[in-house]
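Commentary on secondary and tertiary structure
Here is how the chains run, residue by residue.
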Amino acid sequence: MVSWSDQTIGEKMTTFVHSTAVRSAWHPVAESTDVGDGPLAFRLLGEDLVVWRSGSGELVVAHDRCPHREAPLSAGTVDDGKLVCAYHGWAFGDAGRCVLVPSSGEDATVPPAAHLASRWVDERYGLVWVSLEEPMTEIPTISHEDDPSFRRINSGMQQWKVSAPRMVDNFCDISHFPWVHVGTFGGGQTPRVPRIELGGLDDGWYGYAYEVDANNPDVAAATTGTDEPVVHRRMSTGFHLPLSVRSTIEYETGLHHILLLCSTPVDDEHSLFTFVVWRNDDHSADPETTIAFDRAIGAEDQRMLEQLGGTMPLGRTDLVSVQSDRCSVEWRRRFGELVTAPVAAVTGTPAS
Ligand code: FES
Ligand SMILES: [Fe+2]
């Protein structure tokens, strides 16, 4: 078994896109509504892929390259649930099976190698989740999804020029609030972070609970439900391996605001970012207005993170950490173990 080694990780393991454990995990790559009448191209862990909705309504994900002459399948069209290649019209149906080679005629046998190796795909929380190899982990649980007193608001996908581990590290960290988020909620917050006690949270998340006083500018009123200049928040922040973070906020009014923060590796140094919100408000406010403050906060993180070049060192002693970094240090330790896991323990082949 490959053992955890600072030296190994420090020297070799800043790249993670080839890690079998990461390739065997679910990553959100699009919103369900992004997959419309045609194929959608995306890139995950350095692989160019295509997704479309088949005739049965199920999503199909495959390598974005036609097995005939390597045309991008995403340049084709979807006709009656079949993806039709733009070059010679080969058609692919449920599970990526090639169902027609027009030049051979409808009665001809399709070459077995013409079938696409489809990947694992699921839809949850309004997101399309993909795993490149047989999934070894579950899509993280947000039980508020099934609670009718909560509504879900999706925010759309963005691409950030930053390595996904740097995003997760940031989302686990509250000590940057008074610095990076001075323009939104962090201006009135004391820089000193109370002692962080890590432990299991609900729904299988792992992290910590804390309380903060947050600035509540006018633009935040739709989110916080009050126009008080400062609001008290009871919060928790936790992670779910490999790259999901959940932040929960409870205001004194009883309003709960749950955030799922997703960091999807496009490659080692580019990522997709999306956040999903669940709220027990009266469901009447315009969703876009309700998440405008979260968007502004995300833009502050993006501006900071895009200045951190390269991948994130994963060795324990590669970076200097203090007690306020406990959560991100623990996430980085566990993520580093995943990335260095022996390949044999988590092998998988494309779904057929
Ligand atoms: S390259 Fe796709 S059908 Fe020929
Ligand atoms: Fe932040």
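Report follows, based on the coordinates. Starting afresh in each chain, residues are numbered from 1 along the sequence in its written order. Chain letters start at A and ligand numbers start at 1, both assigned in the order the entries are written. Local features are withheld for residues below a pLDDT of 70 in this predicted model, meaning they are given only at 70 or higher, and side-chain atom pairs are given and counted only at 80 or more; totals for whole chains, interfaces and linings count all residues. In computing side-chain values, all of the structure's heavy atoms are included and hydrogens and water are not.

Next up on the list: the overall build of the protein chain. In DSSP terms, a helix is any run of H or I states spanning at least four residues, a strand is any run of E spanning at least two, and both are numbered starting from the N terminus. What the protein chain contains, in helices and strands, is eight helices and 18 strands. With the principal axes as the frame, the protein chain shows a C-alpha extent of 70 × 55 × 35 Å. Expressed as a percentage of the 352 residues in the protein chain, the buried residues total 51%. Surface exposure here means Shrake-Rupley accessible area, sampled with a 1.4 Å probe, where a residue is shielded only by the protein chains that are shown. Summed over its atoms, the accessible surface of the protein chain is roughly 15,700 Å², and 49% of this surface lies on carbon and sulfur atoms. The protein chain carries 27 positive and 50 negative side-chain charges, and their two centres are separated by 6 Å. Burial classification: accessible surface area is computed with a 1.4 Å probe over protein chains only, and a residue below 20% of its type maximum counts as buried, one above 50% as exposed, and the rest as partly exposed. Positive: Lys, Arg. Negative: Asp, Glu. His and the chain ends are not part of the count. The atom standing in for a charge is NZ when the residue is Lys, CZ when it is Arg, CG when it is Asp and CD when it is Glu.

As a further point, take the sheet that holds strand 2 (residues 40-44). Strands are labelled as partners when DSSP assigns at least two bridges between them. With antiparallel pairing, the three strands of this open sheet are ordered in space as 2-3-4. The open sheet has two edge strands with one neighbour each: strand 2 and strand 4 (59-63). Across this sheet, the average inter-strand angle for adjacent strands is 30 degrees, counted without regard to direction. The sheet contact formed by strand 2 and strand 3 (residues 47-53) spans five bridges and is antiparallel. Helix axes use the C-alpha atoms of the stretch in contact, all axes being lines fitted to C-alpha atoms, and the angles between their N-to-C directions lie in the range 0 to 180 degrees.

Octahedral metal centres with six donors ideally show angles of 90 or 180 degrees, and tetrahedral centres with four donors ideally show 109.5 degrees. Ligating atoms shown are N, O and S within 2.8 Å of the metal, or 3.2 Å for Na, K and Ca, and water is not included, meaning a site may look less than complete. The iron ion (ligand 2) binds to the protein through His176 (NE2), His181 (NE2), Asp301 (OD) and Asp301 (OD), with metal-donor distances spanning 2.1 to 2.4 Å. Key to geometry: four donors with every angle between 85 and 135 degrees are tetrahedral; four donors are square planar and six octahedral where opposite donors lie over 155 degrees apart and all remaining angles lie between 65 and 115; all other sites are irregular. Coordination at the iron ion (ligand 2) is irregular: its four donor atoms span angles of 57 to 148 degrees at the metal. For the iron ion (ligand 2), the donor residues sit on a single chain with the sequence spacing H-x4-H-x119-D. Of the two residues, histidine 181 sits in the loop between helix 4 (177-180) and strand 13 (199-200) while aspartate 301 sits in helix 7 (residues 292-305), which places them 120 residues apart along the sequence. In terms of burial, histidine 181 and aspartate 301 fall into one category: buried.

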